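These are the residues of each chain, in order.
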Amino acid sequence: MDARRALRLGVRTLVALTSVLALAVAGLAWSLQQQLDTAVTSRAAIPDAAPTPPGQAYNALLVGLDARTDSAGNPLPPELFNALHVGPDAGQLDTDTIILLHVPADPNQPAEAISIPRDSYVPIAGGRGMHKINSAYEAGLKSAEDTLTAQGITGPELDRRGREAGRATLVATVEQLTGVQIDHFAEINFVGFVQLTEALGGVPVCLNKPVHDSYSGIDLPAGPQTVNGATALAFVRQRHGLQDGDLDRIARQQAFAAGLADRLISTGTLTNPVRLAQLVAVVNRNVVLDDGWNVEQALAQFAGLQGNDLRFLTIPTGRPDLRTPYDGIAIQIDQAAVRAFVRSVIAGHESRTPISTGPSGSGPSGSGLSAEGAPTGPSGGSRRTPATTPPESITADGIHCVN
């Protein structure tokens, strides 16, 4: 394989899989597969997961986890989180970033990275009622831990099995929301994200105006600049002080991923053995993949990918100030509109196996949605609120200025 082709192959993989918090570090395994074999894997996230051969489409759920432990469940020092401005450990495992990545079989079609706002008010799988989607992971974990504790299971095994249940619950929740089957899963925590940006030497971003926020710790001027470590984390986590809150934060995350792709292409990262080794070490400590995600086969699917072959989109949303009975203010979601949007995004690609729906055909049985897909009950009434037009998509072909 000549150097140019090897570089394009590596860049293509990383651009695609980095659509959320740079989870595509796994793509570096084209040269370091044996080292990546030591990374933590999940069997429960995608039961009976199997490698996806070249020429076959797949959907991957990419997750950024608010965790104070590494991928093996080992506690991380509290002083580290003080420096990152992520607050004290409240025992929660919320998913701050959720992206559904669709990779088509046809190499001439773009990959689609669809963001799901963390505050989306949706039915949580397992008959757990309506809640913010970022609580699905913890809901599954806590339920499993209660059962396992009653059986006398404690310590690391309790944490491991609880997290596996959390991953399974989140995957099932996204499947019933979007109506598509998820084939692969990847998860990264705060520290992994910070260490990844440091290993890359920073990521270029651009702000429309100066920002300062004591909650996230961000303090940056307007214009193009490079963010690194804790500053990079603050850039993608800020939502206080942003006009559209969680939706503006998603725009930040998507712009960051585009800047990451630019960094990979322009700096020769993939040809630097030292930097490659640093990135693989980050994966082994902080990334969890389903045990069927064969990285070498995934690489073959990305051969020749350029920046404009990956699109970042966001699901349609309703009112951003929906009052809920137990979860405070959330983002209203019309499930029928989300499913229609996801179908339209992958139209022209391969058809996916649909997830079974309830009698109305617009959502899972017992979903807590009306026949029109709107929330029912005291949180929103039965009247449907039209979904807003999703934000304009961006592609990973440069640096995009955001609020």
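We now turn to the structure provided with this report. It should be emphasised that the depicted structure is a prediction, and the values quoted were computed from it without experimental measurement.

Under the defined criterion, the tally for this structure stands at 1 aromatic pair. Taken together, a centroid distance of 6.2 Å and an interplanar angle of 75 degrees make the contact between Tyr58 and Trp293 edge-to-face. Note that Tyr58 is positioned in strand β2 (residues 58-65) and Trp293 in the loop between β12 (287-290) and α10 (295-301), a separation of 235 residues in sequence. With respect to class, Tyr58 is no different from Trp293; both count as buried. Taking NZ or CZ as reference, Arg252 lies 5.0 Å from the ring centre of Phe235, over its face.

Moving on: the state of the cysteines. Applying the stated criterion across every chain, the model contains 1 disulfide. With a sulfur-sulfur separation of 1.9 Å, Cys206 is cross-linked through a disulfide to Cys401. Disulfide Cys206-Cys401: torsion about the S-S bond near 65 degrees, hence right-handed. Here the residue Cys206 occupies a position in strand β8 (residues 203-207), and Cys401 occupies one in strand β17 (residues 401-402), the gap between them amounting to 195 residues. On the accessibility criterion, Cys206 (5% relative accessible area) is buried. By relative accessible area, Cys401 is classed as partly exposed at 42%.

This next bit is on the sheet that holds β8. Spatially, 3 strands are ordered β11-β8-β17 in an open sheet, and the strand pairing comes out mixed. Edge positions in the sheet fall to β11 (223-227) and β17, since each has one partner strand and no second.

As a further point, take the environment of Ile153. Mapped onto the elements of the fold, Ile153 is located in the loop between α4 (136-150) and α5 (155-178). Taking relative accessible area as the criterion, Ile153 reaches 16% and is therefore assigned buried. If we skip the residues at most four places from it in the chain, Ile153 touches Leu148, Leu158 and Arg161.

Let's shift gears to the packing of helix α6 (residues 190-200) against helix α7 (residues 229-237). Packing of α6 against α7 brings their axes to within 8 Å, and their N-to-C directions diverge by 120 degrees. Classified by the interaxial angle, the pair formed by α6 and α7 is oblique. Here α6 runs over α7; the crossing is right-handed. In this structure, α6 contributes Phe190, Phe193, Val194, Thr197 and Glu198 to the contact, and α7 contributes Gly229, Ala230, Ala232, Leu233, Val236 and Arg237.

In terms of residue burial, α7 counts as a mostly covered element, since 7 of its 9 residues are buried. The set of residues buried in α7 consists of Gly229, Ala232, Leu233, Ala234, Phe235, Val236 and Arg237.

In this section: the pairing of strand β7 (residues 184-189). Burial within β7 is extensive, with 6 of its 6 residues counted as buried. Taking every second residue as pointing to the same face, both faces of β7 are buried, with His184, Ala186 and Ile188 on one and Phe185, Glu187 and Asn189 on the other. With 6 bridges connecting them, β2 and β7 associate as parallel partners. Residue Leu62 lies in a different strand from β7, and its bridge partner there is Ala186.

Before going further, it helps to spend a moment on the side chain of Arg252. Of note, Arg252 is situated in helix α8 (residues 246-267). From its side chain, Arg252 meets the backbone oxygen of Phe235 in a polar contact 2.8 Å long. A polar contact of 2.6 Å, which involves the side chain of Arg252, links it to the backbone oxygen of Asn403. Discounting chain neighbours no more than four positions away, the residues touching Arg252 are Leu207, Val211, Ile218, Ala234, Phe235, Val236, Gln238, Leu242, Val402 and Asn403.

Attention shifts here to the nonpolar core. With 33 residues, the main nonpolar core has Leu61, Ile114, Leu170 and Val174 as its most contacted residues. Put simply, the parts of the chain that give this core at least two residues each are β2, β3 (95-103), α4, α5 and α11 (335-345). Contact partners of Ile114, with chain neighbours within four places excluded, come to Ile98, Ile99, Leu100, Leu313, Ile315, Phe341, Val342 and Val345. The next biggest cluster of nonpolar side chains, apart from the first, holds 24 residues, and it includes Phe193, Val194, Val205 and Val402.

Tracing the backbone through its elements, the reader meets Asp290 in strand β12. Lacking a salt bridge, the buried Asp290 has Arg43 as its closest oppositely charged neighbour, with an N-O distance of 9.8 Å. Only 3.2 Å separates the side chain of Asp290 from the side chain of His184, close enough to count as a polar contact. At 2.7 Å, the side chain of Asp290 forms a polar contact with the backbone nitrogen of Phe185.

We now examine the pairing of strand β13 (residues 310-314). Along β13, 4 of the 5 residues are buried, which leaves the element largely enclosed by surrounding structure. Here 5 bridges tie strand β4 (residues 111-115) to β13, and the two strands are oriented parallel to one another. Bridge assignment links Ile114 to a residue of β13, and that residue is Leu313.

With that settled, the discussion passes to the sheet that holds strand β15 (residues 329-332). Read from one edge of the open sheet, 4 strands run β6-β5-β15-β14, paired in mixed fashion. Looking along the sheet, the strands with just one partner apiece sit at the ends: β6 (130-132) and β14 (322-323). As paired strands, strand β5 (residues 120-123) and β15 are joined by 2 bridges and run parallel to one another. By the bridge assignment, Tyr121 is partnered in β15 with Gln332.

With 24 residues, α5 extends 35 Å from end C-alpha to end C-alpha; this agrees with the ideal 34 Å at 1.5 Å per step. Immediately downstream of α5, the backbone of Gly179 shows phi near 80 degrees, a positive value.

Parameters at a glance
- Residues numbered from 1 in each chain as written.
- Predicted model: local features only at pLDDT ≥ 70, side-chain atom pairs only at ≥ 80, totals over all residues.
- Heavy atoms only, no water.
- Phe/Tyr/Trp six-rings, centres within 6.5 Å; stacked < 30°, edge-to-face > 60°.
- Helix = DSSP H or I, 4+ residues; strand = E, 2+ residues; numbered from the N terminus.
- Buried < 20%, exposed > 50% of the residue type's maximum accessible area, 1.4 Å probe, protein only.
- Lys NZ or Arg CZ within 6 Å of the ring centre and 35° of its normal.
- Disulfide = S-S within 2.5 Å.
- Pairing = 2+ DSSP bridges.
- Contact = heavy atoms within 4.5 Å.
- Axes fitted to C-alpha atoms, helices over the stretch in contact; angles between N-to-C directions.
- Parallel < 35°, antiparallel > 145°, perpendicular 65-115°, else oblique.
- Left-handed = near helix turned anticlockwise from the far one by under 90°.
- Polar contact = N/O pair within 3.5 Å; in protein donor to acceptor, adjacent residues only side chain to side chain.
- Core = buried A, V, L, I, M, F, W, Y, C linked by side-chain atoms within 4.5 Å.
- Lys, Arg positive; Asp, Glu negative; His and termini not counted.
- Salt bridge = Lys/Arg side-chain N within 4 Å of Asp/Glu carboxyl O.
- Expected span 1.5 Å × (residues − 1).

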